[in-house]
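Analysis of the macromolecular model
Chain by chain, the residues:
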Amino acid sequence: MTQHLQRRLTPRHITFMALGMAIGAGLFLGSADAIKLAGPSVLFAYMVGGVMIFIIMRALGEMTVRDPVAGSFSVYAQRYLGSFAGYVTGWNYWLLMVGVGMAEATAVGAYMHEWFPDWPRWIWVLGSVVMIGGLNLLTVKIYGEMEFWFTLVKVITVLAMIAGGLAIIYLGWGNGGQPTGLSNLWSHGGWFPHGVMGMVLALPGVVFSFGGVETVGIAAGEAAQPERTIPRAVNSVLWRILIFYVGALFVIMAIYPWTGLGEHGSPFVTTFAKLGIPQAAGLINFVVITAALSGFNCTTFSGSRMLYSLACKGQAPAVLGTVNDQGVPVRAILATLAVLLLAVLLNYLLPAKVFGMMMSILSFNTVWTWTMVLLAHYSFRRHLRAKGEEPTGFRLRWWPFSGILCLLFFAFVVVMLGVSPDTRVALYVGVAWLLLLSVAYKLFDVQHHMVRRERLAGDAG
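First, a word on what this report is: a plain description of the structure on this page. (Residues numbered from 1 in each chain as written. Predicted model: local features only at pLDDT ≥ 70, side-chain atom pairs only at ≥ 80, totals over all residues. Heavy atoms only, no water.)

What follows is about the nonpolar core. Core analysis: the largest hydrophobic core is formed by 138 residues, its most contacted members being Ile14, Met253 and Phe410. The greatest single-element share of this core, amounting to 15 residues, is contributed by helix H6 (residues 83-115). Ignoring any residue separated from it by four or fewer positions in sequence, one finds Ile14 in contact with Leu9, Val216, Ala219, Ala223, Thr229, Ile230 and Ala233. (Core = buried A, V, L, I, M, F, W, Y, C linked by side-chain atoms within 4.5 Å. Buried < 20%, exposed > 50% of the residue type's maximum accessible area, 1.4 Å probe, protein only. Helix = DSSP H or I, 4+ residues; strand = E, 2+ residues; numbered from the N terminus. Contact = heavy atoms within 4.5 Å.)

What follows deals with the layout of surface pockets. Rolled over the atoms, a probe as big as a water molecule pinpoints where empty space is left. The volume enclosed by the second largest pocket comes to roughly 250 Å³. Residue lining of the second largest pocket: 15 residues in total, with His4, Leu5, Ala70, Tyr308 and Cys312 positioned closest to the centre. (1 Å grid on protein atoms, 1.4 Å probe; cavity = no way out; pocket = protein on both sides within 12 Å on 5 of 7 lines; lining within 4 Å. Points joined across faces, edges and corners; volume = space filled by probe spheres on them.)

All right, on to helix H12 (residues 237-255) then. Under the 1.5 Å per step criterion, the end-to-end length of H12 is 26 Å for 19 residues, consistent within 8% with the ideal 27 Å. At Val246, H12 shows its maximal kink, close to 30°. With 14 of 19 residues buried, H12 lies mostly within the body of the structure. (Expected span 1.5 Å × (residues − 1). Bend = angle between axes of the 7 residues up to and from the residue.)

We now examine unusual backbone geometry. With glycine set apart, most residues show a phi of negative sign, and most peptide bonds adopt trans. Here the residue pair Trp399 and Pro400 is connected by a cis peptide bond, since its omega of 5° sits within 30 degrees of zero. Relative to the elements of secondary structure, Pro400 occurs in the loop between helix H18 (363-386) and helix H19 (401-419). Positive phi, normally seen in glycine, also occurs at Trp398, with a value near 60°. Under the relative-accessibility criterion, Trp398 is labelled exposed at 73%.

In this description, a pair of aromatic rings is defined by centroid distance and the angle of the planes. Using the criterion set out here, one finds 17 aromatic pairs in the structure. When the centroid spacing of 5.1 Å and the interplanar angle of 25° are considered together, the rings of Tyr46 and Tyr245 count as stacked. Residue Tyr46 is located in helix H4 (residues 42-66), and its partner Tyr245 is located in helix H12; the two are separated by 199 residues in the primary sequence. A relative accessible area of 2% places Tyr245 in the buried class. Taken together, the aromatic side chains of Trp370, Phe409, Phe410 and Phe412 make up a single cluster linked through ring pairs. (Phe/Tyr/Trp six-rings, centres within 6.5 Å; stacked < 30°, edge-to-face > 60°.)

This brings us to the environment of Trp122. Tracing the backbone through its elements, the reader meets Trp122 in helix H7 (residues 121-137). Exposure remark for Trp122: the relative accessible area of 30% places this residue in the partly exposed category. Sequence-wise, Trp122 and Leu349 are 227 residues apart; in three dimensions their C-alpha atoms are separated by 9.1 Å.

Let us now look at helix H5 (residues 73-81). Every buried residue of H5 is listed here: Phe73, Ser74, Val75, Tyr76, Ala77 and Tyr80. Among the structural elements, H4, H6, helix H10 (215-219), helix H14 (280-312) and H18 are those in contact with the buried residues of H5. Residue Gly82 follows H5 closely and has a positive phi angle near 115°.

What follows concerns the pattern of salt bridges. Pairs can form between side chains of opposite charge whenever their charged atoms are close. For the coordinates displayed, the defined rule picks out 4 salt bridges. One salt bridge connects Asp67 with Arg79, and the closest N-O pair in it is separated by 2.5 Å. With a gap of 12 residues between them, Asp67 in the loop between H4 and H5 and Arg79 in helix H5 connect regions that are remote in the sequence. Taking the relative accessible area as the measure of exposure, Arg79 reaches 43% and is therefore partly exposed. For the salt bridge of Glu389 with Lys387, the shortest nitrogen-to-oxygen distance reads 3.5 Å. Given the relative accessible area of 29%, Glu389 is considered partly exposed. Each member of the salt-bridge network shares a partner with another, and the members are Arg66, Lys387 and Glu389. (Salt bridge = Lys/Arg side-chain N within 4 Å of Asp/Glu carboxyl O.)

This paragraph deals with empty space enclosed by the protein. Taken as a whole, this structure holds 1 cavity of 30 Å³ or more when the rule is applied. If you add up the space inside the largest cavity, you get close to 50 Å³. If you trace the largest cavity, you find it lined by Leu374, His377, Tyr378, Leu396, Trp399, Pro400, Gly403, Ile404 and Leu407. Going through the elements one at a time, H18 and H19 are the ones with two or more residues in the lining of the largest cavity.

Spatial relationships are all this shows, so hold off on functional conclusions.
In structure tokens:
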């Protein structure tokens, strides 16, 4: 067994990992819930959410370039906010990745069920766990290659849809030669059919659709050139959001009245069918399965690396803090996969409810992770000032105002979680989880001090 992870992820791998996590299965289903709440103003909601995510990524990127470690924000939280903050943040993120991984595996089962309705969904879920687990147990370079190809499928699909949609809008392709124009964007109640409050209500869902972009920080511990790769990946976050979310939804809502979206299946399927591609439904189903496998791949990677980091810090069983000769944390991966197998059981018992249940209760965990990134960065900057140093190179601009603005935004998101009955469960489960972690930390801390006292007594004897 070697002692360290190996830096085998190339700039291409890191860039596409960041890109892939920004393009989730929800985009291919039309982001229907957000559109119903906000109408065309959902475009502005994605812009606002994109700016907030960009602030988080700049803050994380600044710390990561200075110290690229596998535990990323958990390590930074421990270093700049204390041991308890690092412990809670690390375990909270591991749970988040396991939960999202279960949801993504469930999505694979649901979409495969479209092709094979006579097969139970849990079989496909089990197959995805075995497949993704096997890939992660190989070298990290193979993981990076698979994520590159998974992401490339999604990127090509979205760009093709945008290009085809623009041809329908301006050239009339697939519409009898009659350009549809842009009037659908304002002809059904205006840009804000439900008022500004409609856009505000859509913001929490919009923000959570970007969950996973922080994976870039986790991957930095195995990046070959983190000082060059991380800034490039972080800086691309904003334009990715503009192209793949704002661009795609702009085209969709220009072609179809927003009031009817979701009634006839995925707008991606409808758009490709209009362009004369009869296999559009099967094509998009394949792409969405790829998107779900991509998300599952990333969450397994990130969860296992966080577990490995916790073990290295003495906050998880030490046996999980080892790697094999290829630099792969095999035991941390197997432990994460063992919990992910719960998705198979849940899909056997509750096949229709697992995806929505997991995603709704994990919203609080996502907000916690991003909040700790911002708080750790604030303390990091104050730490530099106390030593008489200034940040160099890659940094968060307009600090501390940008960070404070983002923190206020997330406070608003938490309030909105409590306002909606559909998401209120996230607060209950999230607070209960934090209390459980607090008790576990206290017990761990007491046990740690007892062991230390016994060692000191033995040395004295």
